[in-house]
Amino acid sequence: MTTVPLTPYPPNPAPGIAAATTDLTKVYGGGDTRVVALDRVSIGFRESEFTAIMGPSGCGKSTLMHCAAGLDTPTSGSVRIGTTELGALRDRPLTRLRRDRIGFVFQAFNLLPTLTALENITLPLSIAGRHPDQQWLDRVVSMVGLSGRLDHRPAQLSGGQQQRVAVARALASRPAIIFGDEPTGNLDSRSGAEVLGFLRDSVRELGQTVVMVTHDPVAAGYADRVVFLSDGRLVDEMTRPTPDRILDVMKRFDTRARTS
Ligand SMILES: Nc1ncnc2c1ncn2[C@@H]1O[C@H](COP(=O)(O)OP(=O)(O)OP(=O)(O)O)[C@@H](O)[C@H]1O
Ligand SMILES: [Mg+2]
């Protein structure tokens, strides 16, 4: 594999970096069951950029997302959201930071079945007792492309529509960064394309920062940049990706896996 210099993360908080990890290491278990899920991963995610994270199953993609989003704690190394070091925060400020500055979209849509689409979108703001930035919310809602269906309940919406509601819910609080762990993993290709188009538009039109794990080269092709993980390490990166170029890199992973 060619070694491409990865975008370095400067030691001092850098303007324009929405989130960054430095020497992020995560070890699960001990003794015979010890697994090094992440091995000194240093990466920065630029503001208003759409990054896809790819790599073989078990290479540490979800662990990286969970540590970067403050949902899991590193064994060593650090994570920063904007200029805030997550390791320096106690539980309550960390919970508040996660709620106010980070959006997360999972493979499962996790919508509340008794609420309408619009109520689901604004629920986290209501829980936090925050008044929505109405102009922002109006833009998010108009971009979600559900006009006429906002008062429908999740069961009355298609999978793609439900996931778009989940993305709009993540966007509603205007977070510093949105993390998605295989957000299109449960969708057929057409519904997936709707969700990916929405994510890309949120970056282009709203200046949102998005980081998404995916196995799918077509999905990763929507991103501005793709980073490749292997065995807990960052091994390659690509800007302005196309599905064909991504496939070429993935083939090299496969060849390595077969010959190692
Ligand atoms: N809670 C845990 N306890 C022990 N080992 C874990 C735990 N979570 C993850 N691992 C291990 O850490 C490694 C990385 O897991 P992770 O879930 O980050 O991989 P992934 O790249 O997201 O894989 P996939 O593409 O299958 O979702 C794997 O070897 C996994 O078995
Ligand atoms: Mg995973």
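Scroll up to find the structure.
A brief report on the enclosed structure follows. Values in this document were obtained by computation on a predicted structure and should not be read as measured data.

**Some remarks on the environment of Met212**
In step 1: Among the structural elements, Met212 can be located in strand S8 (residues 210-213).
In step 2: Overall, Met212 belongs to the buried group, its relative accessible area being 0%.
In step 3: It is 8.5 Å that separates the C-alpha atoms of Met212 and Met65, two residues lying 147 residues apart in sequence.
In step 4: Ignoring sequence-local partners within four residues, the contact set of Met212 consists of Phe50, Thr51, Ala52, Ile53, Met65, Gly180, Pro183, Leu196, Leu199, Ala219 and Ala220.

**Some words on the environment of Phe106**
In step 1: Among the secondary structure elements, Phe106 is positioned in the loop between strand S6 (102-105) and helix H3 (117-127).
In step 2: For Phe106, a relative accessible area of 33% corresponds to the partly exposed category.
In step 3: As for Phe106 and Asp181, which are separated by 75 residues in sequence, their C-alpha atoms are 5.2 Å apart.
In step 4: Phe106 has contacts with Leu71, Gln163, Asp181 and Pro183, leaving out every residue within four places of it along the chain.

**Concerning the sheet that holds strand S2 (residues 35-46)**
In step 1: In space, the 4 strands of this open sheet follow the order S2-S1-S4-S5, with antiparallel pairing throughout. Two strands bound the open sheet, and with one partner strand each, they are S2 and strand S5 (84-85).
In step 2: Note that strand S4 (residues 76-81) and S5 share 2 bridges and pair antiparallel. Residue Arg80 lies in a different strand from S5, and its bridge partner there is Glu85.
In step 3: The strands touched by helix H1 (residues 61-68) are strand S1 (17-28), S2 and S4; relative to S1, the strand with the most contacts, the crossing angle is about 120°.

**Quick look at the layout of surface pockets**
In step 1: Here the largest pocket defines a volume of roughly 520 Å³.
In step 2: Per-element tally for the lining of the largest pocket: the top contributor is S6, with 4 residues.

**Let's talk about the sheet that holds S6**
In step 1: Overall, mixed pairing links the 6 strands, which are arranged S6-S7-S8-S3-S9-S10 in an open sheet. A strand with exactly one partner marks an edge of an open sheet, and here the two such strands are S6 and strand S10 (233-239). Strand-to-strand twist of the sheet, defined as the mean angle between neighbouring strand axes without regard to direction, takes the value 20°.
In step 2: Bridge count between S6 and strand S7 (residues 177-181): 4 bridges; the pairing is parallel. Paired with Phe104 across the two strands is Phe179, which belongs to S7.
In step 3: Most of the contacts of helix H5 (residues 159-172) go to S6, to which it runs at about 170°, and overall it touches S6 and S7.

**Observations concerning H3**
In step 1: What H3 keeps buried is the set Ala117, Asn120, Ile121, Thr122 and Leu125.
In step 2: On its buried face, H3 is in contact with helix H4 (134-144) and H5.
In step 3: Trailing H3 by a residue or two, Gly129 shows a phi angle of about 70°, which is positive.

**Looking at the site of ligand 1**
In step 1: Near ligand 1 you find 13 residues, and of these Ser57, Gly58, Lys61, Ser62 and Thr63 are the closest.
In step 2: Interatomic distance of 2.9 Å between a side-chain N/O atom of Ser62 and an oxygen atom of ligand 1.
In step 3: Side-chain polar atom of Thr63 to an oxygen atom of ligand 1: 2.5 Å apart, as the coordinates give it.
In step 4: Contact with the protein chains hides 59% of the accessible area of ligand 1, taken as 640 Å² for the molecule alone.
In step 5: Of all elements in the fold, only S2 and H1 reach the threshold of two or more residues within the shell around ligand 1.
In step 6: Of the residues that constitute the shell around ligand 1, the class distribution is 5 nonpolar, 6 polar and 2 charged.

**A few points about the packing of aromatic side chains**
In step 1: With the rule as written, the count across this model stands at 2 aromatic pairs.
In step 2: A centroid spacing of 4.5 Å and a plane angle of 20° characterise the contact between Phe104 and Phe106, whose relative ring orientation is stacked.
In step 3: On the basis of relative accessible area, Phe104 is assigned to the buried category, the value being 15%.
In step 4: Judged by centre distance (6.2 Å) and plane angle (35°), the ring pair of Phe104 and Phe179 falls under tilted. With Phe104 in strand S6 and Phe179 in strand S7, this pair connects stretches of sequence that are 75 residues apart. Side by side, Phe104 and Phe179 carry an identical accessibility label, which is buried.
In step 5: By the ring-pair criterion, three or more aromatic residues cluster together here, those being Phe104, Phe106 and Phe179.

Criteria and thresholds
Counting from 1, residues in each chain are numbered in the order their sequence is written. To label them, take the chains in the order written and letter them from A, then take the ligands in the order written and number them from 1. Residue-level local features of this predicted model are given only where pLDDT is at least 70; pairs of side-chain atoms are given and counted only at 80 or more, and the full residue set underlies all totals for whole chains, interfaces and linings. To get the side-chain values, take all heavy atoms of the structure and skip hydrogens and water. Elements are defined by DSSP. Helices are runs of H or I of four residues or more, strands are runs of E of two residues or more, and each kind is numbered from the N terminus. Burial classes: relative accessible area under 20% of the type maximum marks a residue as buried, over 50% as exposed, and values in between as partly exposed (1.4 Å probe, protein chains only). Note on definitions: a residue-residue contact is assigned when non-hydrogen atoms from the two residues lie within 4.5 Å. At least two bridges found by DSSP between two strands are what make those strands a pair. Note on geometry: axes are C-alpha line fits, over the in-contact stretch for helices, and angles between N-to-C directions span 0 to 180 degrees. Cavity: a set of points on a 1 Å grid over the protein atoms alone where a 1.4 Å probe fits but cannot get out. Pocket: an open set with protein on both sides within 12 Å along at least five of seven lines, its lining residues, like those of a cavity, having an atom within 4 Å of a point. Grid points are joined across faces, edges and corners, and a volume is the space filled by probe spheres set on the points. Neighbouring residues are identified by heavy atoms, a residue being near a molecule or strand if any of them is within 4 Å of it. Identification of polar contacts relies on pairs of N or O atoms within 3.5 Å, with a donor-acceptor requirement for protein atoms, meaning one able to donate a hydrogen and the other able to accept it, and with residues adjacent in sequence counted only if both atoms are side-chain atoms. The protein chains shown are the only cover counted for residues, whose accessible areas, like all others here, come from Shrake-Rupley with a 1.4 Å probe. Under the convention adopted here, Pro, Cys and the residues Ala, Val, Leu, Ile, Met, Phe, Trp and Tyr are nonpolar, Asp, Glu, Lys and Arg are charged, and Gly plus all remaining residues are polar. When two rings of Phe, Tyr or Trp (its six-membered ring) have centres within 6.5 Å they constitute a pair, described as stacked for plane angles under 30 degrees, edge-to-face for angles over 60, and tilted for the intermediate range.

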